[in-house]
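Here are the chains, one letter per residue:
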Amino acid sequence: MFPDFLSPAIIDLLIEATRQTLYMVAIAGFIGTLIGLPLGVFLATSRSGELFAAPWLNHILGLVVNAARSTPFIILVVAIIPFTRLIAGTSIGTNAAIVPLTVAAAPFIARLIEAAIREVDQGLVEAARAMGASPLQIVRKVLLPEALPAITLALTLAVVSLLGYSAMVGAVGGGGLGDLGIRFGYQRFMPDVMAAVVIVLIVLVQGVQSIGDLLARRLDKRNRG
């Protein structure tokens, strides 16, 4: 007798749930990066004496980012239900799940980008300043190119985290693999389905991590030539 997760109906559900998960992660990751990348660059360059010195604004934004990051994701999902309804028109479903995923991703990405930017040798920044480069030119032509391998790894980590978050959002009707695992694996006592969900998530995480590591190695100047 074949395991439950090999039945055609369950396979179809597993494929659809995987598609929903990839959709949620892709959209939330893209929007989160659009918000988190400039925010992270600003946090890394706005302390006293830096390129865009604005210590008070840096402090305030840092507090907001830390507050968002310190909130457990499942609590965040429930806490921002009114905001989710305002944006998506509903608080359940795949499209609605993108809202809390994005809210969780943006500050996380911002801190990762900040850390990557701060790893850049400050001697390069000082050399660019001495040559008369403007702050924006330094960001575009020095900081971002030099930090690109670290940024790639940071975004890889963010996507991996979003895959985990997308599974959690299934607990509140968000769809995707988490929803499939809860509805069938837990509520209907089908451990084979739960195992299949876990295997798919592991494969997705391993695939994302491998691609991210490969890209980072390709972008690292130390590995060229």
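It should be emphasised that the depicted structure is a prediction, and the values quoted were computed from it without experimental measurement.

Q: Would you take a moment to explain the side chain of Thr84 for this structure?
A: Mapping Thr84 onto the fold places it in helix H4 (residues 81-88). Once residues within four sequence positions are removed from consideration, Thr84 is found in contact with Gly89, Thr90, Ser91, Ala96, Val99 and Pro100.

Q: Help me understand the confidence of the model for the protein in this model?
A: Regions with low pLDDT carry predicted coordinates that are not meant to be interpreted in detail. In the predicted model, the protein carries a mean pLDDT of 87, and 94% of its residues have values of at least 70. Across the protein, element-level confidence peaks in helix H5 (residues 94-118) with a mean pLDDT of 93 and bottoms out in helix H8 (residues 176-186) with 78.

Q: What should I look at first to understand the packing of H5 against helix H7 (residues 135-169) in this one?
A: Describing two packed helices takes the angle between their axes plus the distance from one axis to the other. One way to put it is that H5 packs onto H7 with a least axis distance of 9 Å and a crossing angle of 150°. By the angle between their directions, the pair H5 and H7 is classed as roughly antiparallel. Note on packing geometry: the crossing formed by H5 with H7 is right-handed.

Q: Explain the nonpolar core here, please?
A: Across soluble globular proteins, nonpolar side chains have a tendency to be buried as a group. The biggest cluster of nonpolar side chains holds 49 residues, and the ones touching the most others in it are Leu14, Phe73, Ile117, Ile138, Leu143, Leu177 and Leu180. Where this core is concerned, the elements lending two or more residues are helix H1 (8-45), helix H3 (73-79), H5, helix H6 (122-130), H7, H8 and helix H9 (191-219). The element contributing the most residues to this core is H5, with twelve residues.

Parameters and conventions
Residues numbered from 1 in each chain as written. Predicted model: local features only at pLDDT ≥ 70, side-chain atom pairs only at ≥ 80, totals over all residues. Heavy atoms only, no water. Helix = DSSP H or I, 4+ residues; strand = E, 2+ residues; numbered from the N terminus. Contact = heavy atoms within 4.5 Å. pLDDT = per-residue confidence, 0-100. Axes fitted to C-alpha atoms, helices over the stretch in contact; angles between N-to-C directions. Parallel < 35°, antiparallel > 145°, perpendicular 65-115°, else oblique. Left-handed = near helix turned anticlockwise from the far one by under 90°. Core = buried A, V, L, I, M, F, W, Y, C linked by side-chain atoms within 4.5 Å. Buried < 20%, exposed > 50% of the residue type's maximum accessible area, 1.4 Å probe, protein only.

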